[in-house]
Amino acid sequence: MTIYLFYFLSFLALLSALMVVVSKNPVHSVLYLIITFFAIAGHYVLLNAQFLAAVHVIVYAGAIMVLFLYVIMMMNFNKESEPSKTAFSQILATVAGGILLVTLTGALRVSDIEIPAGSTEAGSGLVGALGKVLFSKFLLPFEISSLLFLAAMTGVILLGKKNSNNI
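Just so we're clear, the structure is a prediction, and the values are computed from it rather than from any experiment.

A. Focus on the overall build of the protein. The helix and strand inventory of the protein stands at six helices and zero strands. Evaluated residue by residue, the protein yields a buried proportion of 14% over its 167 residues. At a minimum sequence separation of 6, the contacts of the protein that also span at least 24 residues come to 55%. As presented, the protein carries roughly 13,500 Å² of accessible surface, and 74% of it is formed by carbon and sulfur atoms.

Quick look at the structure:
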């Protein structure tokens, strides 16, 4: 049963990701991207990573995509105000994308990367197990990333102020 669910979620993720690229309306692209994120969250649940699935839905589909949708709806996408692209630049972009696709396909064909199977231990994707690993094995990288986030927040606050001399 889970293999059918995996195939369905994979098909849904690939189809909606393709529709993100193909769709001409930016609002529709964002909505298709939200569907893609939910399908990926379904994959996390199948891999017994419930906490990661919940965080994925809350952070990506909940916060970031709503922000993207809000920004896109506030922008004015008039075709008259947008500069038109020449046929040469469109052909050049297509050729460059094709070369990138061939390069990535060739690199993946010769690589010997093994994809690990999901953990089947009971409770391996729950918050307790994640916290135990995070605060024992990965304590130093976790603390370093928290300091980097603190520095980034301070930088955003300083850049966001109109007059930074009053701090």
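B. Seen up close, the packing of helix α1 (residues 2-22) against helix α2 (residues 26-46). Two numbers describe how α1 lies on α2: the axes approach to 8 Å, and their chain directions differ by 155 degrees. Viewed along their axes, α1 and α2 adopt a mutual orientation that is roughly antiparallel. Between α1 and α2 lies a crossing of left-handed hand. Across from Thr2, Leu5, Phe6, Leu9, Ser10, Leu12, Ala13, Ser16, Ala17, Met19 and Val20 in α1, the residues of α2 making contact are Ser29, Tyr32, Leu33, Ile35, Thr36, Ala39, Gly42, His43 and Leu46. By residue class, the composition of the contact of α1 with α2 is 13 nonpolar, seven polar and no charged.

C. Focus on α1. For α1, with 21 residues, the first-to-last C-alpha span of 30 Å sits near the 30 Å given by 1.5 Å per residue. Every buried residue belonging to α1 is among Leu9, Ser10, Ala13 and Ser16, and all of these are buried. All buried residues of α1 fall inside an arc of 145 degrees around its axis, so they share one side. In α1, the exposed positions angled more than 90 degrees off the buried face are occupied by Tyr4, Tyr7, Phe11, Leu14 and Val22. Packed against the buried residues of α1 are α2.

D. Highlighting the nonpolar core. The biggest cluster of nonpolar side chains holds seven residues, and these are Val30, Ile34, Phe37, Ala61, Met65, Leu69 and Ile72. Of all the secondary structure elements, the ones that give two or more residues to this core are α2 and α3 (50-74). Aside from chain neighbours lying at most four places away, what touches Met65 is Val30, Leu33, Ile34, Phe37 and Tyr60.

E. Representation of the packing of aromatic side chains in the model. For the coordinates displayed, the defined rule picks out two aromatic pairs. On the basis of an interplanar angle of 40 degrees and a centroid distance of 5.2 Å, the ring pair of Phe37 and Tyr60 is categorised as tilted. Pair noted here: Phe37 is in helix α2 and Tyr60 is in helix α3, with a separation of 23 residues, a long-range link. Overall, the relative accessible area of 15% leaves Phe37 in the buried class.

F. How the structure looks around the confidence of the model for the protein. Taken over all residues, the pLDDT of the protein has a mean of 79, while the share at 70 or more is 80%. The least confident element of the protein, judged by mean pLDDT, is helix α5 (residues 127-134) at 77; the most confident is α1 at 93.

G. Examining the side chain of His56 more closely. Here His56 is to be found in helix α3. Here His56 falls in the buried class, since its relative accessible area comes to 8%. Here the side chain of His56 touches Phe37 through a polar contact of 3.2 Å, landing on its backbone oxygen. When near neighbours in sequence (up to four residues on either side) are disregarded, His56 contacts Phe37, Ile40, Ala41, Tyr44 and Ala61.

H. Seen up close, a nonpolar patch on the surface. Taken together, the side chains of Met1, Ile3, Tyr4, Leu5, Phe6, Tyr7, Phe8 and Leu46 make up a nonpolar region of the molecular surface, amounting to roughly 900 Å² of accessible area. With six residues, the top contributor of residues to the nonpolar patch is α1. Mapped onto the elements, Tyr7 comes out in helix α1.

Rules used in this analysis
- Residues numbered from 1 in each chain as written.
- Predicted model: local features only at pLDDT ≥ 70, side-chain atom pairs only at ≥ 80, totals over all residues.
- Heavy atoms only, no water.
- Helix = DSSP H or I, 4+ residues; strand = E, 2+ residues; numbered from the N terminus.
- Buried < 20%, exposed > 50% of the residue type's maximum accessible area, 1.4 Å probe, protein only.
- Contact = heavy atoms within 4.5 Å.
- Areas by Shrake-Rupley, 256 points an atom, 1.4 Å probe, with all protein chains shown as cover.
- Axes fitted to C-alpha atoms, helices over the stretch in contact; angles between N-to-C directions.
- Parallel < 35°, antiparallel > 145°, perpendicular 65-115°, else oblique.
- Left-handed = near helix turned anticlockwise from the far one by under 90°.
- Nonpolar A, V, L, I, M, F, W, Y, C, P; charged D, E, K, R; others polar.
- Expected span 1.5 Å × (residues − 1).
- Arc of directions from axis to C-beta.
- Core = buried A, V, L, I, M, F, W, Y, C linked by side-chain atoms within 4.5 Å.
- Phe/Tyr/Trp six-rings, centres within 6.5 Å; stacked < 30°, edge-to-face > 60°.
- pLDDT = per-residue confidence, 0-100.
- Polar contact = N/O pair within 3.5 Å; in protein donor to acceptor, adjacent residues only side chain to side chain.
- Patch = residues over 30% accessible without salt bridge, like charges linked within 9 Å, V, L, I, M, F, W, Y side chains within 5 Å.
- Salt bridge = Lys/Arg side-chain N within 4 Å of Asp/Glu carboxyl O.

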